[in-house]
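Observations on the three-dimensional arrangement
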There are 2 protein chains.
Amino acid sequence: MIHGGDLISYRSFYDGELVDFSSNINPLGYPQGLEEELIGGFGELESYPDILYRKLKSSLAAYLGCDSSQVVVGNGSVELIDGFIFLAKRVVLFTPSFAEYELRARAYRKETVYLAYKRDFQLDPKALERTLKKEDLLILGNPNNPTGLRLDRDTLQECYKLTREKGALLLLDEAFFEFCPEDYDSLELFKDGGYEGLIVLRAATKFFSLPGIRLGYGGTSERLARDVEEILLPWNINSLAERAGNFIFKDKTYIEKSRNYMEKERTFLMGELKRIGSLEVFPSQVNFILIRLKKFSQDRAFDFFLERGLVIRRCSNFRGLDKNYVRVAIKDRKNNLRLLEAFRSLDSLAEEESS
Amino acid sequence: MIHGGDLISYRSFYDGELVDFSSNINPLGYPQGLEEELIGGFGELESYPDILYRKLKSSLAAYLGCDSSQVVVGNGSVELIDGFIFLAKRVVLFTPSFAEYELRARAYRKETVYLAYKRDFQLDPKALERTLKKEDLLILGNPNNPTGLRLDRDTLQECYKLTREKGALLLLDEAFFEFCPEDYDSLELFKDGGYEGLIVLRAATKFFSLPGIRLGYGGTSERLARDVEEILLPWNINSLAERAGNFIFKDKTYIEKSRNYMEKERTFLMGELKRIGSLEVFPSQVNFILIRLKKFSQDRAFDFFLERGLVIRRCSNFRGLDKNYVRVAIKDRKNNLRLLEAFRSLDSLAEEESS
């Protein structure tokens, strides 16, 4: 499996309910009131969604602080990533990063260039400067999956400047944006330039706990919005997803509460994980943590956790990571404690085996 | 607008509820019990759909009478049409037909060949024989939109034989299949050959009255299924759409009732329309009727109907039809009577103006 979240394949290995630490979903669940809202939309299933998604784009424009004409919507942000990759001449990726960038580029037989993040998973703009060419599409996870790191503001501005100078496009995949501690907002930062050559993608999937609804969106220049909409499928958003989109982004209380909750759990879980000697724990600004296992392979750890009903993400299929990395989602306290306990047992096992 | 169903654009022109004769949806609405089924699926929104859609494919395999490995699923059948067009070297279309074939081919800059249906909208295999080349993708609406006609069994078999001989692919867009009087089932007809070089696409959209849910599917060879799945987006089906798909196809009573209802209304509406002198009414095997207006342009008729709260489909943007064609959906008796009344008034107006 290339992605996390595939619990179906592992159900037979554990007698009980599996807990999914392999996909990074807000543990608070989707915003309250959504169910009634969806029920109210059942009648709309008998009509085509608005092919122009006028109301949805207007809801998103209000949430993102940009103009409706700058909003694009997709069947998950992956449809938007896909569309921009299709339009690109060449794709430039930093590794490790989300596997779909590479897969979609491969589906369209696009030339793809891989640059490595530094050892600490920070980006070196010099590597970019040497590589970037006209009509390239540079895709950066911001924050990046699986590393959990966000570009600092200066590096982001430098990257954008570089893409503009070279005549390339910058696509920021910000699927985890709302989980980050408040710092900058890319859409605010580049608003005055009308997002020329820039695409900022986000989604309802992770933060709003709606991976099943398939609603991705983004802000970009009017021109790029028009270009990608020639590639996007008609009626690409299900009418219940559209309805959800007109509802969830208004819930400021939920957004605030989720961000605070995650900040608290992240601090707690990171602190505890760092005490475990056999783990190298990488800093995270989001709702998941990348870990290097000093004494076990990912597969041994995976099986060890699965025996305890926990599914973690093995990372060797992220280009640039070897078989010693795993990624875990930050969940609610009860489950985070189960995760910690399993890591501690694994650590004790390492002690035993080395003694 | 390229498609029907865009009522939002016309709302301000009529003081009341518009009736949509421009999109071809089953007037009986979606199957009973679907709402409870969807409500039962709200919890699943917080997980990714099964990326392999194992259960959905098995539901569809049972409905279609083929193997799960021969089933493909899409975000509406348009995603599947799109995927196969992307893979094709050249696209061969008969006109008039559904606009998306041409639009998706254009999006991918595919060479496209247009052949015309005969004056009675039947297909001439000889034209095909002269044109078809290796690696072509021939797309046929079966039944075809906007003409409402199905290929007779012999012509279909001849077309398939031709594509096999030439090394081309045959894609049958059967979005309206279940509305047809029972005759043959393409998936049954070609089952023994394992659907080599054949794609038969259908959807929940029209017959199951679910255009908002976005669920298209099809039967094809295992090999073509694998090929197109490299192009399809991951998690392309919303989890509520998946749930609907596991429910609706089992409702044999609904299917039977809808087919009978449509047969009755079609016979009634066709009979009445044919009495109106200013209309040339084309035969139909589905839930819509193509009409040539002998004395009015499509735009004049459109406005005339809109004043009466009825939205019909103008057809001049179907390649091969001029400004004198309109298409109307067959709805419930009450609305069909309103439609007839409007056509009769239009006919009287024609009388007046010519006298």
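This text goes with the structure placed above it.
My aim in this report is to walk through the structure given alongside it, one point at a time. (Residues numbered from 1 in each chain as written. Chains lettered and ligands numbered in written order. Predicted model: local features only at pLDDT ≥ 70, side-chain atom pairs only at ≥ 80, totals over all residues. Heavy atoms only, no water.)

Let us now look at the side chain of A:Asp347. Residues and elements named next belong to chain A. By secondary structure assignment, the location of Asp-347 is in helix H12 (residues 333-354). Among buried charged residues, Asp-347 stands out as having no salt bridge; its nearest opposite-charge side chain is Lys-295, 6.1 Å away. Setting aside residues no more than four positions away along its own chain, Asp-347 makes contact with Ile-276, Gly-277 and Ser-278. (Helix = DSSP H or I, 4+ residues; strand = E, 2+ residues; numbered from the N terminus. Buried < 20%, exposed > 50% of the residue type's maximum accessible area, 1.4 Å probe, protein only. Lys, Arg positive; Asp, Glu negative; His and termini not counted. Salt bridge = Lys/Arg side-chain N within 4 Å of Asp/Glu carboxyl O. Contact = heavy atoms within 4.5 Å.)

Below, the discussion takes up the pairing of strand S5 (residues 136-141) of chain B. Residues and elements named next belong to chain B. Counted residue by residue, S5 has six buried out of six residues, so it is predominantly covered. Covered by surrounding structure in S5 are Asp-136, Leu-138 and Leu-140 together with Leu-137, Ile-139 and Gly-141, the residues of both alternating faces. Relative to S5, strand S3 (residues 90-95) runs parallel, the two sharing four bridges. Following the sheet pairing, Val-91 is matched in S5 by Leu-137. The sheet contact formed by S5 and strand S6 (residues 169-173) spans five bridges and is parallel. The partner of Ile-139 across the bridge, within S6, is Leu-171. In this region the chain leaves S5, passes through helix H6 (residues 153-166) and returns to the parallel neighbour S6; the handedness of that crossover is right-handed. (Pairing = 2+ DSSP bridges. Right-handed = clockwise from strand over helix to strand, strands pointing away.)

All names here are of chain A. Taking strand neighbours across the sheet as the criterion, the seven strands line up as S2-S8-S7-S6-S5-S3-S4 in an open arrangement whose pairing is mixed. Each edge of the open sheet carries a strand with a single partner, namely strand S2 (71-74) and strand S4 (111-116). Sheet twist, expressed as the mean angle between neighbouring strand axes with direction ignored, is 20 degrees. Sheet topology note: the S2/strand S8 (residues 216-220) ladder contains four bridges and is antiparallel. The partner of Val-71 across the bridge, within S8, is Gly-219. Strand contacts of helix H4 (residues 99-107): strand S3 (90-95), S4, strand S5 (136-141) and strand S6 (169-173), with the helix running at about 155 degrees to S3, the strand carrying the most contacts. Contacting S5, S6 and strand S7 (198-203), helix H6 (residues 153-166) crosses the sheet at an angle of about 145 degrees to S6. (Axes fitted to C-alpha atoms, helices over the stretch in contact; angles between N-to-C directions.)

All names here are of chain B. In terms of strand pairing, S3 meets strand S4 (residues 111-116) through six bridges, oriented parallel. Paired with Arg-90 across the two strands is Glu-111, which belongs to S4. Remark: the S3/helix H4 (residues 99-107)/S4 crossover connection has right-handed handedness.

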